[in-house]
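# Observations on the three-dimensional arrangement
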Amino acid sequence: MSQIRPLSFRLNGVDTSVTVEPRRTVAEMLRSDLRLSGTTVGCEQGSCGSCTVIVDGEPVRACTLFAVQLEGRELRTIEGLARDGSIQALQEAFVEEDAVQCGFCTSGFLVLAAAALESDPFIEDEAIDALVSANLCRCTGYGPIRRAVRKAAKTTRRAT
Amino acid sequence: MRHLGRPLPRLEASPLVSGRGLFTGSMQAGDHLAMRLVRSPFAHARVTSVDVSGALALPGVVAAWSWSDLGDLPPISYRTGDTGRLDGFRQPVLASDLVRYVGEPIAVVFAEDPATAEDAADQVDFRAELLDAFIHPVTSALGGSSDHATVALVEQGFGDVEHAIASADIVVELELEVGRQAAMPLEPRGLIARWDGARNLLEITGAAKIPHIDRDLLADQIGRPASRIVLAEGHVGGGFGARGEIGPEDVLACLGALRLGRPVAWLEDRREHMTAAPQARGQRHIARVAAQDDGRLVAMDVTFMIDQGAYLRPDGLRIAELTAAMLQGPYRLDAFRALGDVRLTNKTPAGPYRGAGRVEGTFVRERLVDAVADRLGLDPVAVRRRNLVAAEEMPAARGVTLGEVPVVYDSGDYALLLKRAEQTFALERLRKRTRTRRSKGEAVGFGLAFFVDRSGGGSGDGVRISVDDTGTVEVVTGAADLGQGLETAVAQIVADILAVPYTDVRVVHGRTDAIGFGQGAEASRSTVMTGTAAQQAAEKVREKALAAAAALIGVSADRLMLDEGEVRPIEHSDAPGLPIGAIAHALRPDRAAALALPHSPDSAGLSAEAWVSLDSPTYPYGLAAAVVAVDEETGAATVERFFVAADVGNAVNPKLVESQLAGGAVQGIGGALSEELLFTATGEPVAISFADYALPTADQVPDIECLITDDAPSPLTPLGLKGAGELGINGAGAAIAAAIDEAIGTPGAVTHLPVTPARLRAVLRGVS
Ligand code: FES
Ligand code: FES
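Here is what the cut-offs are and how they apply
- Per-chain numbering applies: the sequence of each chain, read as written, is numbered from 1 onward.
- As they are written, the chains are lettered A onward and the ligands numbered 1 onward, keeping that order.
- Where local features are concerned, this predicted model is filtered to residues with pLDDT of at least 70; where side-chain atom pairs are given and counted, the filter is 80 or more; whole-chain, interface and lining totals use all residues.
- Water and hydrogen atoms were dropped before computing side-chain values, which therefore reflect all heavy atoms in the structure.
- Here, a salt bridge means any side-chain nitrogen of Lys or Arg that lies within 4 Å of a carboxyl oxygen of Asp or Glu.
- Elements are defined by DSSP. Helices are runs of H or I of four residues or more, strands are runs of E of two residues or more, and each kind is numbered from the N terminus.
- Burial here depends on accessible area, computed with a 1.4 Å probe over protein chains only, as a share of the maximum for the residue type. Under 20% is buried, over 50% is exposed, and the range in between is partly exposed.
- An axis is simply a line fitted to the C-alpha atoms; with a helix, the fit covers only the stretch in contact. Between two such axes, the angle follows the N-to-C directions and lies from 0 to 180 degrees.
- With respect to orientation, any angle under 35 degrees is reported as roughly parallel, any angle over 145 as roughly antiparallel, any angle of 65 to 115 as roughly perpendicular, and every other angle as oblique.
- Crossing handedness follows the turn of the near helix against the far one: under a right angle anticlockwise gives a left-handed crossing, and clockwise gives a right-handed one.
- Contacts are assigned to residue pairs that have any heavy atoms within 4.5 Å of one another.
- In the scheme used here, Gly and all other residues not listed as nonpolar or charged are polar, with Ala, Val, Leu, Ile, Met, Phe, Trp, Tyr, Cys and Pro taken as nonpolar and Asp, Glu, Lys and Arg as charged.
- In this analysis, strands are considered paired if DSSP registers two or more bridges between them.
- Any two rings among Phe, Tyr and Trp, with Trp reduced to its six-membered ring, count as a pair given centres within 6.5 Å; such a pair is stacked if its planes are under 30 degrees apart, edge-to-face if over 60, and tilted if neither.
- Comment: the charge-over-ring label is applied if NZ (Lys) or CZ (Arg) is within 6 Å of the ring centre and within 35 degrees of the ring normal.
- Look down the strands so they point away from you; if going from the first strand over the helix to the second traces a clockwise path, that crossover is right-handed.

Further remarks concern the pattern of salt bridges. The full count for this structure, using the stated rule, is 64 salt bridges over all chains. Salt-bridge contacts for Arg 146 of chain A lead to Asp 703 of chain B; the nearest nitrogen and oxygen are separated by 2.7 Å. Of this pair, Arg 146 of chain A sits in helix H6 (residues 143-159) while Asp 703 of chain B sits in the loop between helix H18 (654-673) and strand S28 (704-709), each in a different chain. By relative accessible area, which is 7% here, Arg 146 of chain A ends up buried. In this structure, Asp 294 of chain B engages Arg 386 of chain B in a salt bridge whose closest nitrogen and oxygen atoms are separated by 3.4 Å. Residue Asp 294 of chain B is found in the loop between strand S13 (280-291) and strand S14 (297-309), and its partner Arg 386 of chain B is found in helix H11 (residues 380-387); the two are separated by 92 residues along the sequence.

Structure representation (structure tokens):
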């Protein structure tokens, strides 16, 4: 077994220090060591996007990033976003548009959309459609997810 | 407020939009062992040795077993009750003398953490002598000879097919194939097994779809009484048929927990899922249809071959049987024959996937109808219309059976659905526009497919309802939920009858310790069966509440009403009511007698139970239509618009139904255009990640346009319910195939799904 390393980063607004194995991915660390299982893992191959988290404001696939790469950076997950209320418009729109069936992809889509809406509250519908194409969903057929993100964008714009 | 028939938001969504879902991988107990399978790298080989000592030598490894360590463990059995003739096709829990597909389990390791388990699996030394791999079902000689590659023949039919064909005006014969595909839920499979020594109970979480049936099967496999096993589902990241079919992994996790006395977690990764989970479709057909010059269909004769892979799954021959039973679809025929040949190959065993047997059958039947229309120079939609079974002919016996059960369409007005779809989607205008675009040189076409589906039926679905002192209603079912919205639909049904908000109805499902029996969530049954049971149980509770209230208020029950959770006399509708929770309180066993309320010792409290049994399933139906554009350079087909019209008898929640249709339709688009599990000549799977198995992404699919009707309620259930889960996927391949034909101006061009760009380029080269 490889040796354990200390790691300090900001997790959902809180300074956090842990020790991790260098081969641990951010997804594994979140789910196993930190017991934050809202970040789901559909492939571990970087292709489904269910594990999307936000690192320094950018959406990142947590299964492709090693935990040690987080040193000094800011990580936000679905748990943090749900708690601080910043994705309320998205959450409501997902429920209203029935964009959640099994819900396994949902955290990933919410986090992806949250990062996009934060960096550009005036994001166009076409850009939203392209954004939603980054992640996989096997249940909804995507229409409801597209509609939900567009709706949330509108709500957010109105609020700003 | 009325709930039934309204598009209310689903109750299940709230934890899932906050990252609070309890999926299998989120439930690992603190001290669980990680289980990892060692799988065969060869498609066909004679095992010379499996040595696990290297794995055991690693620190952190608790156990490592090969076949010889298992003792007398029976191979995986059938949940269909099949015995005897199919015995030889059951999969061993670990391979003993032969491995028959890449991915077949040959050893298992248990370690303190997943990484160690993975390292240990690499240390198992596996030696084998390679044998020829049989990849093609037609030429397969797996089992010794070509005859032995046949597991079983499945035959259905009626009338004199040969005579009908000989005397018809035209006969068309086609060879049609649907490639191997998979359900591919976004959450891989997994199972957590924990032996509770204090209660001598084996607790299992993870397997979903048919919890009670799976529990019974596992009990058999490991030789424990079913009542010493509890199977409970958590949140389930999609199933679509593939999850919850008991396999070697499930048995091994249970065995590990029992033998090692520690909780065991098996969490499949995606790569493993792609070679180990049930695969599907993989059907080739030689199909003939006979028709008269006026377009009337006379006979259909289909011989098909299923690429079963190396073993049967617990569902036995179900897919071949479904194909044969449902192939006729909505059309009238004088004679029909379907003959299915289930063949062994050196591939991952096939099993159920949403629309099993019907997606394939619809593709075949609708291709035949398109071919008839083309041959006779008739409009394909008109040919369909003239052959539809009429509403007056319902219930319509179809001259075939599924298992022992005759196929009798319970209700349907197919012509009406076609008409309503044409109006709602303005199909005439759409077809005209498509023709105009084509005349201007665009490769764009329209296609339509009609289908009949099957949902529910049988017995063993029950519901127990109890109301607590706060008026909150608990509904315990034996059904399962894999994301289809069961809790919401059942809550809506119950809420109307008990006059409470549906948010006050808590639905328990997927727990074998909560109710004695259950048939889970397969074959689109849960709304039909569990919905009906819920309705009946709720009516009993309502009666009981009114009878008790009558005694409490001193007004006879028939002069009482239940409204907004309170009982009050009909004459005094503004009088203060008696809350249903207060009635529940009064009916507690310790109080009911004292208050001299009507009660019975064997149904204490404000509660009731109901069980349904349907001699015949219900038959929902629908049509799919597509506009597809083809890029003749690249061979890429783009679905521009996609429509599903479906009659579900009575849509409890139209929004949930629409979601089922749209999700299924997009799976169908994937199956029509991109999803295929290919194998090399030596049997290595080519698709081992999402990069090689192309699920549709959002930019590849339009918003699905849906029409949900309830013109033909099922006469078999009081609410007229029919299932909606498999209607979206059913006709997609057939409709898209027709649209591509039209786009490239070559009738009958598409004979093989999926129509990948490479395959379409080959077709186009042949055309020009
Ligand atoms: S789990 Fe990270 S992209 Fe699929
Ligand atoms: S809701 Fe199931 S994968 Fe998206």
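Residues and elements named next belong to chain B. For the pair helix H10 (residues 358-376) and H11, interaxial distance at closest approach is 8 Å and the crossing angle is 115°. The angle between the axes of H10 and H11 places the two elements in the roughly perpendicular class. Relative to H11, the crossing made by H10 is right-handed. Contact with H10, carried on its side by Glu 366, Val 369, Asp 370 and Ala 373, involves Pro 380, Val 383 and Arg 384 of H11 and no other residues of that element. When its residues are assigned to classes, the contact of H10 with H11 shows 4 nonpolar, no polar and 3 charged.

Residues and elements named next belong to chain B. Ordered in space as S4-S2-S6, the 3 strands form an open sheet in which the pairing is antiparallel. Of all strands in the sheet, those bounded by a partner on one side alone are strand S4 (98-99) and strand S6 (125-130). In terms of strand pairing, strand S2 (residues 45-51) meets S4 through 2 bridges, oriented antiparallel. Paired with Arg 46 across the bridge in S4 is Leu 98.

It is worth spelling out the packing of aromatic side chains at this point. Residue and element names in this part refer to chain B. Counted by the stated rule, this structure contains 10 aromatic pairs over all chains. Where Phe 425 meets Phe 643, the ring centres are 4.7 Å apart and the plane angle is 40°; that geometry is what we call tilted. With Phe 425 in the loop between helix H12 (414-424) and helix H13 (427-439) and Phe 643 in strand S27 (residues 636-647), this pair connects stretches of sequence that are 218 residues apart. On the basis of relative accessible area, Phe 643 is assigned to the buried category, the value being 0%. Pairing Phe 517 with Trp 611 gives two aromatic rings, centres 5.9 Å apart and planes at 80°, and the pair type is edge-to-face. Here the residue Phe 517 occupies a position in the loop between strand S21 (505-508) and helix H15 (526-553), and Trp 611 occupies one in strand S25 (residues 607-614), the gap between them amounting to 94 residues. Assessed through its relative accessible area of 34%, Trp 611 is described here as partly exposed. The lysine or arginine in question, Arg 259, covers the ring of Trp 65, its NZ or CZ lying 4.7 Å from the ring centre.

Turning our eyes to something else, we now look at the sheet that holds strand S24 (residues 578-579) of chain B. All names here are of chain B. Strands sit in the order S22-S23-S24 across an open sheet of 3 strands; the sheet is antiparallel. Taken across any chain shown, the strands that pair with only one partner, and hence form the sheet edges, are strand S22 (560-563) and S24. Relative to S24, strand S23 (residues 566-569) runs antiparallel, the two sharing 2 bridges. Bridging from a neighbouring strand, Val 567 pairs with Leu 578 of S24. With respect to the sheet, H15 is in contact with S22, S23 and S24, its orientation differing from that of S22 by roughly 125°.

Here we come to the pairing of S28 of chain B. All names here are of chain B. Across 6 bridges, the pairing between S27 and S28 is parallel. Bridge pairing links Phe 643 to Glu 705 in S28. After leaving S27, the chain enters H18 and then returns to the sheet as S28, a path that is right-handed.

By themselves these figures say nothing about function.
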